[in-house]
Amino acid sequence: KAGVTQTPRYLIKTRGQQVTLSCSPISGHRSVSWYQQTPGQGLQFLFEYFSETQRNKGNFPGRFSGRQFSNSRSEMNVSTLELGDSALYLCASSLEYRALTGELFFGEGSRLTVL
Amino acid sequence: GQNIDQPTEMTATEGAIVQINCTYQTSGFNGLFWYQQHAGEAPTFLSYNVLDGLEEKGRFSSFLSRSKGYSYLLLKELQMKDSASYLCAIPGGSYQLTFGKGTKLSVIP
């Protein structure tokens, strides 16, 4: 069974640009979450999608957005990049459709560097 | 809101036992997770506790006390491959996890 796949794995952007990251969940998983990981703040929740609907959003500015497609694949977009957006962006999929009581399966992440 | 505290770093010797503590504050409790993350890799699930007490899974055990807002992860017979960050996490409302900043464990020979 294939795991969670994230692309690209590494990317470098400059301030003001935008970026789109992609995540393919484990087959059969319909819940996809996105987290930002930085050395100073650790793992922070960005948003969660289920059946193409955003069910929850973390405390991030509107520059961070996402969506989910009918095949459960998800993308997140960051516009007008800032230096502080440099981070590892992790996608996780889960079987859960109610409150989170189940295991999250994480992808390897997309490491974004903003210059 | 929610708050999770873990020690930032720990060092232990190969073959020894180490206990990684986690204290949390939350308005509604729906269980506590432990994840392991090796450097440069994805976090992987270790355990989930929703009731008080100790749950054992091989060399790893996880303990929970809901009244004290306290959990620990116990690693026995430490191996070099156990060097990793250990993340404590609690559900923060529906569909999201609130993570602690993680405890970086270094296992030395």
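Overview of the interface of chain B and chain A
Taken together, the contact between chain B and chain A spans 19 residues of the former and 22 residues of the latter. Between chain B and chain A, roughly 1800 Å² of surface is buried when both sides are summed, and carbon and sulfur atoms account for 58% of that area. Inspection of the chain B/chain A interface yields 0 salt bridges. There are 5 residue pairs in polar contact (both at pLDDT 80 or more) connecting chain B and chain A. The set of elements that each furnish at least two residues to the side of chain B that touches chain A consists of strand S4 (32-37), strand S5 (44-49), strand S9 (84-91) and strand S10 (97-99) of chain B. If one sorts the elements of the side of chain B that touches chain A by residue count, S4 of chain B sits on top with 3 residues. Its residues assigned to classes, the side of chain B that touches chain A comprises 11 nonpolar, 6 polar and 2 charged.

Quick look at the pairing of strand S8 (residues 74-78) of chain A
Residues and elements named next belong to chain A. Judged by how many residues are buried, S8 sits mostly within the fold: 5 of 5 residues are covered. Every second residue of S8 is oriented toward a common face, with Ser 74, Met 76 and Val 78 on one face and Glu 75 and Asn 77 on the other, all of them buried. Here strand S7 (residues 64-68) runs beside S8; their pairing, made up of 5 bridges, is antiparallel. Across the sheet, Ser 65 pairs through a bridge with Asn 77, a residue of S8. Joining the antiparallel neighbours S7 and S8 is a turn of 5 residues, in which Ser 72 adopts a positive phi near 75 degrees.

Some details on the sheet that holds strand S8 (residues 70-75) of chain B
Residues and elements named next belong to chain B. Spatially, S1-S3-S8-S7-S6 is the arrangement adopted by the 5 strands of the open sheet, whose pairing is antiparallel. A single partner strand is all that each edge strand has here, and the edge strands are strand S1 (3-5) and strand S6 (53-57). Each strand of the sheet is rotated relative to its neighbour by a mean of 15 degrees, with strand direction disregarded. Note: strand S7 (residues 60-65) against S8, 6 bridges, orientation antiparallel. Looking at the pairing, Leu 64 lines up with Ser 71 of S8.

Thoughts on the state of the cysteines
Residues and elements named next belong to chain B. Evaluation of the coordinates by the stated rule reveals 2 disulfides over all chains. Each disulfide pairs two cysteine sulfurs, and for Cys 22 the partner residue is Cys 88, the sulfurs being separated by 1.9 Å. Handedness of the Cys 22-Cys 88 disulfide follows from its S-S torsion of about -60 degrees: it is left-handed. Of this pair, Cys 22 sits in strand S3 (residues 18-25) while Cys 88 sits in strand S9; the two residues are 66 residues apart in sequence, bridging distant segments of the chain. The same class applies to Cys 22 as to Cys 88, namely buried.

Considering the sheet that holds strand S1 (residues 5-7) of chain A
Residues and elements named next belong to chain A. Pairing within the open sheet is antiparallel, and its 4 strands lie in the order S1-S3-S8-S7. A single partner strand is all that each edge strand has here, and the edge strands are S1 and S7. If you compare each strand with its neighbour and ignore which way they point, the axes differ by 15 degrees on average. Where S1 and strand S3 (residues 19-24) come together, 3 bridges link them in antiparallel fashion. Of the residues in S3, the one forming a bridge with Gln 6 is Cys 23.

The rules behind these values
- Residues numbered from 1 in each chain as written.
- Chains lettered and ligands numbered in written order.
- Predicted model: local features only at pLDDT ≥ 70, side-chain atom pairs only at ≥ 80, totals over all residues.
- Heavy atoms only, no water.
- Contact = heavy atoms within 4.5 Å.
- Buried area = accessible area lost by both parts, 1.4 Å probe.
- Salt bridge = Lys/Arg side-chain N within 4 Å of Asp/Glu carboxyl O.
- Polar contact = N/O pair within 3.5 Å; in protein donor to acceptor, adjacent residues only side chain to side chain.
- Helix = DSSP H or I, 4+ residues; strand = E, 2+ residues; numbered from the N terminus.
- Nonpolar A, V, L, I, M, F, W, Y, C, P; charged D, E, K, R; others polar.
- Buried < 20%, exposed > 50% of the residue type's maximum accessible area, 1.4 Å probe, protein only.
- Pairing = 2+ DSSP bridges.
- Axes fitted to C-alpha atoms, helices over the stretch in contact; angles between N-to-C directions.
- Disulfide = S-S within 2.5 Å.

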